[in-house]
Amino acid sequence: MGGSGGVLIEERHDAVALLRLNRPEARNALSPELRAALCEALARLDRDQGVRCIVIAGDDEHFAAGADIAQLNERELPDLLQEPGGASLWDALARCRTPLIAAVSGYALGGGCELALACDMIVASETAQFGQPEIRLGIIPGGGGTQRLARVIGKQRAMELVLTGRRIPADEAYALGFVNRVVAADRWLEEALELARSVARRAPLAARLGKQAVLAADEMPLSAGLEHERRLFELAMATEDRREGTRAFLEKRRPEFRGR
Ligand code: COA
């Protein structure tokens, strides 16, 4: 949570909220404390009408090194089965209606890679390395890695990463369609914030509806997806922002979207 000493540092850049993972001593591994702080921040920021886009970032060397292996080492099956499933970080990310951007520099491994994949877009530094190394520990990804990777980069390539634990560098991730852009090592955070600002300047309700519509593409057959899109389009047509957007265009001025 906020404050320079916490495991999650929160900053506000106008309508963009920046969440920075801050456990450098453990390479930003996702400890229960860090996951809980992320869940709390995502739920709160998602309710805040002043926040139109959320950026999740680590530091120059590490986005996140995955689950905390020291804690993983202690866990047994009964502990896992007793965890409240609905309260997990992965559910909190899925519930977040505000557009999410992962700003990745350095390692995004295991749960770190899954965290980036659970965001709506990924901006990668040229130093970024992605991977699902769980197999090297005798386990498999458990935060959506196998499912999202297969959808994003295709079955064969996901299979290779999940079965070998091989890391892929930023340029390969870009070629695979895994990241939106690769930027210079000293520009990753600024470029991610700039992308977030350009989302934040748009009509916020339409941005949420657009996010929901695109995500539905993974869940639905085409005919149902098109029907769903139509309903969301009608909702967008009913907003005040739609009137403002079309009027501003005709009056040759910038629209002032209010999120209504
Ligand atoms: N969980 C807990 N601690 C971790 C961690 C993790 N996922 N990843 C790194 N750390 C800790 C190390 O134990 C080490 O602690 P120490 O200083 O007390 O010895 C410290 O962070 C530095 O790690 P180190 O491996 O020396 O750093 P590096 O810069 O050489 O390598 C990584 C960085 C991320 C490549 C490497 O730490 C790594 O492969 N981590 C594990 C990634 C992984 O398997 N994730 C999936 C988990 S399911």
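Residues numbered from 1 in each chain as written. Predicted model: local features only at pLDDT ≥ 70, side-chain atom pairs only at ≥ 80, totals over all residues. Heavy atoms only, no water.

### Section: the sheet that holds strand 9 (residues 168–169)
Item 1. The strand order across the open sheet formed by 4 strands is 4-6-8-9, and the pairing between neighbours is mixed. In this open sheet, the two strands that pair with only one neighbour each are strand 4 (62–64) and strand 9.
Item 2. Relative to strand 6 (residues 107–109), strand 4 is paired through 2 bridges, and the arrangement is parallel. The partner of His62 across the bridge, within strand 6, is Tyr107.
Item 3. The strands that helix 5 (residues 111–118) touches are strand 4, strand 6 and strand 8 (129–131); relative to strand 6, the one it contacts most, it runs at about 95°. (Pairing = 2+ DSSP bridges. Helix = DSSP H or I, 4+ residues; strand = E, 2+ residues; numbered from the N terminus. Contact = heavy atoms within 4.5 Å. Axes fitted to C-alpha atoms, helices over the stretch in contact; angles between N-to-C directions.)

### Some details on the pairing of strand 1 (residues 8–13)
Item 1. Of the strand pairs in this sheet, strand 1 and strand 2 (residues 16–21) are connected by 6 bridges, and their pairing is antiparallel. Directly across from Leu8, in strand 2, lies its bridge partner Leu21.
Item 2. Hairpin connection of strand 1 to strand 2: 2 residues between the antiparallel strands, including Asp14 at a positive phi of 55°.

### A look at the domain arrangement of the chain
Item 1. Taken domain by domain, the chain consists of domain 1 (4–200) and domain 2 (204–250).
Item 2. The straight-line distance from the C-alpha centre of domain 1 to that of domain 2 is 26 Å.
Item 3. Across the domain 1/domain 2 interface, buried area totals approximately 690 Å², and carbon plus sulfur atoms make up 46% of it.
Item 4. Our enumeration of links across domain 1 and domain 2 arrives at 2 salt bridges.
Item 5. The closest approach of N and O atoms between Arg208 and Asp46, which form a salt bridge, is 3.2 Å.
Item 6. Viewed at the interface, domain 2 and domain 1 are joined by 5 residue pairs in polar contact (both at pLDDT 80 or more).
Item 7. The class makeup of the residues in the side of domain 1 that touches domain 2 is 3 nonpolar, 1 polar and 5 charged. (Domains from an automatic or database assignment. Buried area = accessible area lost by both parts, 1.4 Å probe. Salt bridge = Lys/Arg side-chain N within 4 Å of Asp/Glu carboxyl O. Polar contact = N/O pair within 3.5 Å; in protein donor to acceptor, adjacent residues only side chain to side chain. Nonpolar A, V, L, I, M, F, W, Y, C, P; charged D, E, K, R; others polar.)

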